[in-house]
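Chain residues, written in single-letter form:
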Amino acid sequence: MYEKITPPDTGEKITFSDGEPIVPDNPIIPFIRGDGTGVDLWPATERVIDAAVAKAYGGQRQISWFKIYAGDEACEQYGTYQYLPEDTLTAIREYGVAIKGPLTTPIGGGIRSLNVALRQINDLYTCVRPCRYYPGTPSPHKHPEQLDVIIYRENTEDIYLGIEWREGTEIAQKLIDTLNNELIPATPEHGKKQIRLDSGIGIKPISKTGSQRLVRRAIKHALRLPKNKQMVTLVHKGNIMKYTEGAFRDWGYELATTEFREECITERESWILGNKEHKPDISLEDNARQVEPGFDALTPEKRQEICDEVKGVLEALWESHGNGKWKDKIMVNDRIADSIFQQIQTRPSEYSILATMNLNGDYLSDAAAAMVGGLGMGPGANIGDTCAVFEATHGTAPKHAGLDRVNPGSLILSGVMMLEYMGWQEAADLIKKGLGAAISNREVTYDLARLMEPPAEPLKCSEFAEAIIRYF
């Protein structure tokens, strides 16, 4: 089956049923060490995960690690430009759950991005990025502890699908000509718009299927959270891109109000129900007036439309969601992308799960990570229905490779996400406890140590791992 790798002699495969993992007590888990500082990060991470599993389960559970290759290390084993060998893809498909360190973006040939390729090849359509604060972590914000969000980013569509053509190429010119002379004139809402002839062209596909399966996972995650964190916010730029990002929002609401009708309430529905709870005899028109700003300035047809909406919500939901029952449901709302960037800074406690498309999620996850200590403390996961890959979210930092000095926090916390995904919560909790205690006691690597007040004496990467284990 494999050309250059050999699975462990002991252990069993993780399998999947209805998109959820079925995990044996002795799973085989492939790992990719990673390029650059991966040589330091992975040994520290493996040591912490193994120690947590041993302490939590006393030998009843154990991971059998399976070394596979990607990035520069793969080229050393398989040859030039073999950044992502078939062995690796087969192993990830075969064993279901994998973890990896940072990978170099290939230069000069091969794949544009190894991370994007892994996601698209395995249909890992959900990128999950938790951003929470560990006390004592240096942060540029006054109250980083108020931010505790999980970003659900669609992984396979949007501009990251990579369908584009360079300026001046024959296909780009042909596409521009078709758009300018046929498609745009045939669409009245575009008026006299024209694309400049010296443009590069990219395609931004957003599908109902891709949008709803992401939102479905986000809502299922919200169901597992404490009641005060059961909120899903659809992040989009639908005020401008109405048929892609606006559709993402609409399809998200559609899923929440059909497939999860008993579990969910939309923000707008909560206003309508809340208005009637506050004033039981409120008229449909007065309720609509409170829900819709500028109601009295609208056309009669639009006012009637909103009154009909209010009536429909009350008739459909009053029995099941009214009289305050909606307060125990998952709140589904939406925010414009540029607005959410400032709101997670000014009102961070108001948000929990942010569901977003690919590009917006890329920006937003890094911005949120910066608030709680940077990418060195930012874990990540890429999850599909039959496979999941957990990963460090930062780069390879090759100038630090082999010096045993970088922060392994991102990869270790990605290991925590992996353990939680597997249902091994006790081991995951031990690592979070140990990590938090090490930081609180100022036992950290140089990146955090130099930002503390006063600066702390930095630990090596391996020493930070040992400190985490010591505080289990």
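Scroll up to find the structure.
Keep in mind it's a predicted model, so treat the numbers as computed, not measured.

Conventions we followed
- Per chain, residue numbering runs from 1 following the sequence as it is written.
- Reporting of local features is limited, given that this is a predicted model, to residues whose pLDDT is at least 70; pairs of side-chain atoms are given and counted only at 80 or more, and all residues count toward the totals for whole chains, interfaces and linings.
- Hydrogen atoms and water are omitted, and side-chain values are computed over all heavy atoms in the structure.
- Secondary structure elements are taken from DSSP: a helix is a run of H or I of four residues or more, a strand is a run of E of two residues or more, and numbering for both begins at the N terminus.
- Radius of gyration means the value over C-alpha atoms here, while the globule rule gives 2.2 Å times the residue count to the 0.38 power.
- The contact rule is simple, with two residues in contact once any of their heavy atoms fall within 4.5 Å.
- For the accessible areas, the method is Shrake-Rupley and the probe is 1.4 Å, while residue cover comes only from the protein chains on display.
- Buried, partly exposed and exposed residues are distinguished by accessible area as a fraction of the type maximum, computed with a 1.4 Å probe on protein chains only: under 20%, between the cut-offs, and over 50%, respectively.
- If DSSP finds at least two bridges between two strands, the strands pair.
- All axes here are fitted lines through C-alpha atoms, helices being fitted over the stretch that makes contact, and every angle between N-to-C directions spans 0 to 180 degrees.
- Here the expected length of a helix is defined as 1.5 Å per residue gap, with one fewer gap than residues.
- Here a salt bridge means any side-chain nitrogen of Lys or Arg lying within 4 Å of a carboxyl oxygen belonging to Asp or Glu.
- For classification purposes, an angle smaller than 35 degrees is called roughly parallel, one larger than 145 roughly antiparallel, one from 65 to 115 roughly perpendicular, and anything else oblique.
- Helix crossings are classified by the rotation of the near helix relative to the far one: an anticlockwise turn of less than a right angle makes the crossing left-handed, while a clockwise turn makes it right-handed.
- Under the scheme applied here, ten amino acids are nonpolar (Ala, Val, Leu, Ile, Met, Phe, Trp, Tyr, Cys and Pro), four are charged (Asp, Glu, Lys and Arg), and all others, including Gly, are polar.

Caption draft 1: Structural context of the overall build of the protein. Within the protein one finds 16 helices and 15 strands. Its C-alpha atoms give the protein a radius of gyration of 25 Å, near enough to 23 Å, the size a compact globule of 472 residues would have. For the protein, the C-alpha atoms occupy an extent of roughly 70 × 60 × 50 Å along the three principal directions. Of the contacts made within the protein by residues no fewer than 6 positions apart, 74% connect residues no fewer than 24 positions apart. Working note: accessible area of the protein is about 21800 Å², and carbon and sulfur atoms make up 50% of it.

Caption draft 2: Representation of the pairing of strand S12 (residues 330-336) within the structure. Burial runs high along S12: 5 of the 7 residues are buried. The sheet contact formed by strand S10 (residues 231-236) and S12 spans 6 bridges and is parallel. By the bridge assignment for S12, Val-232 is matched with Val-332.

Caption draft 3: Seen up close, the environment of Ala-370. By secondary structure assignment, the location of Ala-370 is in helix H12 (residues 358-371). The partly exposed category is assigned to Ala-370, whose relative accessible area is 39%. Separated by 87 residues in the primary sequence, Ala-370 and Glu-457 place their C-alpha atoms 22 Å from one another.

Caption draft 4: Highlighting the sheet that holds S10. Spatially, S4-S3-S5-S15-S14-S6-S7-S13-S10-S12-S11 is the arrangement adopted by the 11 strands of the open sheet, whose pairing is mixed. Only two strands of the sheet have a single partner each, and these edge strands are strand S4 (64-68) and strand S11 (264-266). Between one strand and the next, the sheet's axes are offset by a mean angle of 25 degrees, whatever the strand orientation. Pairing analysis gives 4 bridges linking strand S7 (residues 148-154) to strand S13 (residues 353-356), with the strands arranged parallel. Across the sheet, residue Tyr-152 finds its bridge partner in S13, namely Ala-355. Lying on the sheet, helix H6 (residues 208-223) is in contact with strand S6 (126-132), S7, S10, S11, S12, S13 and strand S14 (379-383); it crosses S7 at an angle near 155 degrees.

Caption draft 5: Structural context of helix H4 (residues 114-121). For H4, the complete set of buried residues consists of Leu-114, Val-116, Ala-117, Leu-118 and Arg-119. As for H4, its buried residues are in contact with helix H3 (86-95), strand S5 (97-100), S7, S14 and strand S15 (388-392). Remark: Asp-123 follows H4 within two positions and exhibits a positive phi of approximately 50 degrees.

Caption draft 6: Representation of helix H7 (residues 245-258) within the structure. Helix length check: H7, at 14 residues, gives a terminal C-alpha distance of 20 Å against a target of 20 Å (1.5 Å per residue), a fit within 8%. Every buried residue belonging to H7 is among Glu-245, Gly-246, Ala-247, Phe-248, Trp-251, Gly-252, Tyr-253, Leu-255 and Ala-256, and all of these are buried.

Caption draft 7: Examining the pattern of salt bridges more closely. Under the definition given, this model contains 31 salt bridges. When the shortest N-O distance is used, the salt bridge between Glu-305 and Lys-302 registers 3.3 Å. Of this pair, Glu-305 and Lys-302 both sit in helix H10 (residues 300-321), separated by 3 residues, roughly a single helical turn. Owing to a relative accessible area of 35%, Lys-302 belongs among the partly exposed residues under this scheme.

Caption draft 8: Up close: the side chain of Ser-414. Turning to its location among the elements, Ser-414 is positioned in helix H13 (residues 409-422). In this view, Ser-414 contacts Ile-99, Pro-379, Gly-380, Phe-390, Glu-391 and Ala-392; residues no more than four positions away in its chain are not counted.

Caption draft 9: Local environment of the pairing of S7. Counting buried positions along S7 yields 6 of 7 residues, so the element is predominantly enclosed. Pairing of S6 with S7 involves 7 bridges; the strand directions are antiparallel. Its bridge partner lying in S7, Thr-126 is registered against Glu-154.

Caption draft 10: The arrangement of unusual backbone geometry in detail. A cis amide bond links Glu-453 to the next residue, Pro-454, at an omega of -10 degrees. Structurally, Pro-454 is set in the loop between helix H15 (446-449) and helix H16 (461-470). Of note in the backbone geometry, Asp-123 takes a positive phi value of approximately 50 degrees without being a glycine. Taking the relative accessible area as the measure of exposure, Asp-123 reaches 33% and is therefore partly exposed. Of note in the backbone geometry, Ala-397 takes a positive phi value of approximately 40 degrees without being a glycine. Residue Ala-397 is classed as partly exposed on the basis of its relative accessible area, which comes to 31%.

Caption draft 11: Structural view of the packing of helix H1 (residues 38-57) against helix H14 (residues 425-440). Relative orientation of the contacting elements H1 and H14 amounts to 125 degrees, with a least axis distance of 8 Å. On the basis of the axis angle, H1 is oblique to H14. Judged by the twist between their axes, the crossing of H1 over H14 is right-handed. Contact residues: Val-48, Ile-49, Ala-52, Val-53, Lys-55, Ala-56 and Tyr-57 in H1; Gln-425, Glu-426, Ala-427, Leu-430 and Ile-431 in H14. For the contact of H1 with H14, the class distribution of residues is 9 nonpolar, 1 polar and 2 charged.

Caption draft 12: Representation of the packing of helix H11 (residues 337-346) against H12 within the structure. Packing of H11 against H12 leaves a shortest axis separation of 10 Å and a crossing angle of 10 degrees. Considered as vectors, H11 and H12 are oriented roughly parallel to each other. In this structure, H11 contributes Ala-337, Ile-340, Phe-341, Ile-344 and Gln-345 to the contact, and H12 contributes Asn-360, Tyr-363, Leu-364, Ala-367, Ala-368 and Met-371. When grouped by side-chain class, the residues that make up the contact of H11 with H12 number 9 nonpolar, 2 polar and no charged.

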